[in-house]
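So the chains spell out like this:
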Amino acid sequence: MCKKIFAIILTAAFLAAPNFAGAKSLWVDNGSWGLFADKKARNVGDILTIVINESTTQTASKSRSNSKSGSTNLNAGTGIFHFLAAAAASGSDEFTAEGSATDTSRFSGRVSVTVVEVMPNDNMIVEGTQSIWQNRDEHKITFRGIVRRDDVTMDNTVPSTKVADATVKFDGKGPLNAKQRQGILTQIFNILF
């Protein structure tokens, strides 16, 4: 009898207790953290990495040449101008100039940027700044451009060669960078002269 009462009380307590164990789905409602979800940047505030690999080469060569010559002859004077003797004069001028210049620049690096705007055609405007301090010198990379969603790779990166209207700015400040700039007096003399 005692066992029956105990079983009834235990059953009643089990049925009256709140249900702590609940069924959970393997899929998240918004899909952003699901097992097979696409992790690529697509919305304002998302972050992606731009792989900067730019190189430019400019070559220019010019050649100029110019030459001229002239001669003048003056015959002896006649009549009242008999004191003038025969004379001749000649001259020549020649100019030749050649020049060439080659400029090669190469930039490489990675900078993480944030999507600041999504355009109506699903292109994304991205912008970001990376600042590195070394021995009181700051080296700053600022990047801005337009990225197509199709160009974002599976590891959430975009090559800089696939960014439209890209602006890459390398700048720095600090003691070392200050030594590489002209002084104030030199700048004034360059402006005046």
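Residues numbered from 1 in each chain as written. Predicted model: local features only at pLDDT ≥ 70, side-chain atom pairs only at ≥ 80, totals over all residues. Heavy atoms only, no water.

Comments concerning the pattern of salt bridges
- One pass over the structure, following the stated rule, counts three salt bridges.
- When the shortest N-O distance is used, the salt bridge between Arg144 and Glu127 registers 2.2 Å. Taken together, the residues span a long stretch of sequence, with Arg144 in strand β4 (residues 137–147) and Glu127 in strand β3 (residues 124–134) at a distance of 17 residues.
- Arg148 serves as the salt-bridge partner of Asp151, at 3.0 Å between the closest nitrogen and oxygen.
- By relative accessible area, Arg148 is classed as partly exposed at 43%. (Salt bridge = Lys/Arg side-chain N within 4 Å of Asp/Glu carboxyl O. Helix = DSSP H or I, 4+ residues; strand = E, 2+ residues; numbered from the N terminus. Buried < 20%, exposed > 50% of the residue type's maximum accessible area, 1.4 Å probe, protein only.)

So, the confidence of the model for the protein
- In the predicted model, the protein carries a mean pLDDT of 75, and 65% of its residues have values of at least 70.
- No element of the protein has a lower mean pLDDT than helix α2 (residues 175–179), which averages 54, and none a higher one than strand β5 (residues 157–159), which averages 91. (pLDDT = per-residue confidence, 0-100.)

As for the pairing of β4
- Looking at chain direction, β3 and β4 are connected through 11 bridges and run antiparallel. The residue bridging Ile132 from the neighbouring strand is His139, located in β4.
- Hairpin connection of β3 to β4: two residues between the antiparallel strands, including Asn135 at a positive phi of 50°. (Pairing = 2+ DSSP bridges.)

What about the nonpolar core?
- Leu48, Ile50 and Val147 are the most contacted members of the largest nonpolar core, which has 15 residues in total.
- Only β1 (47–74), β2 (87–118), β3 and β4 provide two or more residues apiece to this core.
- Once you skip the residues sitting within four places of it in the chain, Ile50 turns out to touch Gly109, Arg110, Val111, Val113, Phe143, Val147, Val158, Ser160 and Val163. (Core = buried A, V, L, I, M, F, W, Y, C linked by side-chain atoms within 4.5 Å. Contact = heavy atoms within 4.5 Å.)

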